[in-house]
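# Residue-level structural notes
Here is how the chains run, residue by residue.
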Amino acid sequence: MKKELIFLGPPACGKGTQTNRLAEYLNFPHVDTGSLLRNEIKNETEAGIEAKKFIDKGQLVPAELVAKIIKNRLSQDDCKDGYILDGYPRSIEQADKLEIINQEINTDNNDVDFRAIYFDIDVNLLIERIINRRSCPVCGAIYNLLSIPPKVENHCDKDGAELTQRKDDTKEVAQARFDTYFKETAPLIDYYKNKGVLRTINADGTVDEVWERLLEVIK
Ligand code: AP5
């Protein structure tokens, strides 16, 4: 049965940390809209130039632009048994669009297990996480100067690359991202609850504690 797992939660709730690990564990691709968009920006593509205007302000990138990138990625062969989708959908409009994309992709596979996993956490805990986040530009590993520091200062444990800080990880942009989250994305919690596919986990805890809770809801 194909497994389609999508992840919801406020900025810096730990989705990326857990879904990176889950992708390795399940051997499914980790499709992360934030990283896909940042990659477009880095390569200075037309989509990237457009996306940057919104990301820098903590706003959602236009739905059509993201849908095109997502459809293209989810159609690839490595997603045929399942995928881990982190950061999409982020609005009711995108959720409706995802349903259409999945129907278009799954033409000869009706046997699908779709779940939306919601990371529930008090957002007051998250600004500190954002400001102290660092990531590896090579492998995507995520660190935190306070809670999950690298073994060697400012270098990735896995490949030694110098860690970088995201441009949108400032206090000001983070506040705008939270506002966008509550306005546009939080309504998806009820949307998926009403469809009977929502699984909620308490995202306040150590990385290993949250991981154990995640394993329980993906069984
Ligand atoms: P995106 O990159 O998706 O950012 P986000 O949703 O704000 O999520 P984050 O990446 O900030 O957090 P996370 O939950 O992955 O947390 P992490 O594991 O890193 O999107 C960026 C932008 O792109 C958006 O603002 C928007 O403009 C655009 N965009 C993206 N998708 C879009 C879409 N679908 N439509 C339109 N626009 C879109 O953890 C955070 C920190 O906490 C790290 O430092 C980590 O080490 C630490 N940490 C993790 N777990 C724990 C723990 N248990 N205890 C202590 N610290 C922890």
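Our structure is the block above this text.
Predicted model only: the values in this text are computed from it and were never measured.

## Comments concerning the sheet that holds strand 3 (residues 82-86)
- Taken in spatial order, the five strands line up as 2-3-1-4-7 in an open sheet, and their pairing is parallel. Whereas interior strands pair on both sides, the edge strands pair on one side only; in this sheet they are strand 2 (30-32) and strand 7 (198-202). Here the strands of the sheet are splayed against their neighbours by 20° on average, with no regard to which way each runs.
- Pairing of strand 2 with strand 3 involves three bridges; the strand directions are parallel. When the sheet's bridge partners are listed, His 30 is paired in strand 3 with Ile 84.
- Contacts from helix 9 (residues 207-218) reach strand 1 (2-8), strand 4 (112-120) and strand 7 within the one sheet, and its direction differs from that of strand 7 by about 160°.

## Structural notes on the site of the ligand
- Residues in contact with the ligand amount to 33 residues; listed here are only the nearest, Thr 17, Gln 59, Arg 90, Arg 133 and Arg 177.
- The side chain of Arg 133 places a nitrogen or oxygen atom 2.6 Å from an oxygen atom of the ligand.
- Interatomic distance of 2.9 Å between a side-chain N/O atom of Asn 144 and an oxygen atom of the ligand.
- For the ligand, whose unbound accessible area comes to 1000 Å², protein coverage reaches 95%.

## Let's talk about the packing of aromatic side chains
- Within the structure shown, the criterion is met by five aromatic pairs.
- Centre to centre, the rings of Tyr 25 and Trp 211 are 5.4 Å apart; their planes meet at 90°, and the pair counts as edge-to-face. Taken as a pair, Tyr 25 in helix 1 (residues 15-26) and Trp 211 in helix 9 lie far apart in primary sequence, 186 residues in all.
- Here Phe 114 and Tyr 192 contribute two aromatic rings whose centre-to-centre distance is 5.8 Å and whose plane-to-plane angle is 35°, an arrangement assigned as tilted. Of the two residues, Phe 114 sits in strand 4 while Tyr 192 sits in helix 8 (residues 187-195), which places them 78 residues apart along the sequence.

The rules we used
- Residues numbered from 1 in each chain as written.
- Predicted model: local features only at pLDDT ≥ 70, side-chain atom pairs only at ≥ 80, totals over all residues.
- Heavy atoms only, no water.
- Pairing = 2+ DSSP bridges.
- Helix = DSSP H or I, 4+ residues; strand = E, 2+ residues; numbered from the N terminus.
- Axes fitted to C-alpha atoms, helices over the stretch in contact; angles between N-to-C directions.
- Contact = heavy atoms within 4.5 Å.
- Near = heavy atom within 4 Å.
- Polar contact = N/O pair within 3.5 Å; in protein donor to acceptor, adjacent residues only side chain to side chain.
- Areas by Shrake-Rupley, 256 points an atom, 1.4 Å probe, with all protein chains shown as cover.
- Phe/Tyr/Trp six-rings, centres within 6.5 Å; stacked < 30°, edge-to-face > 60°.

Nothing here speaks to function; it is geometry throughout.
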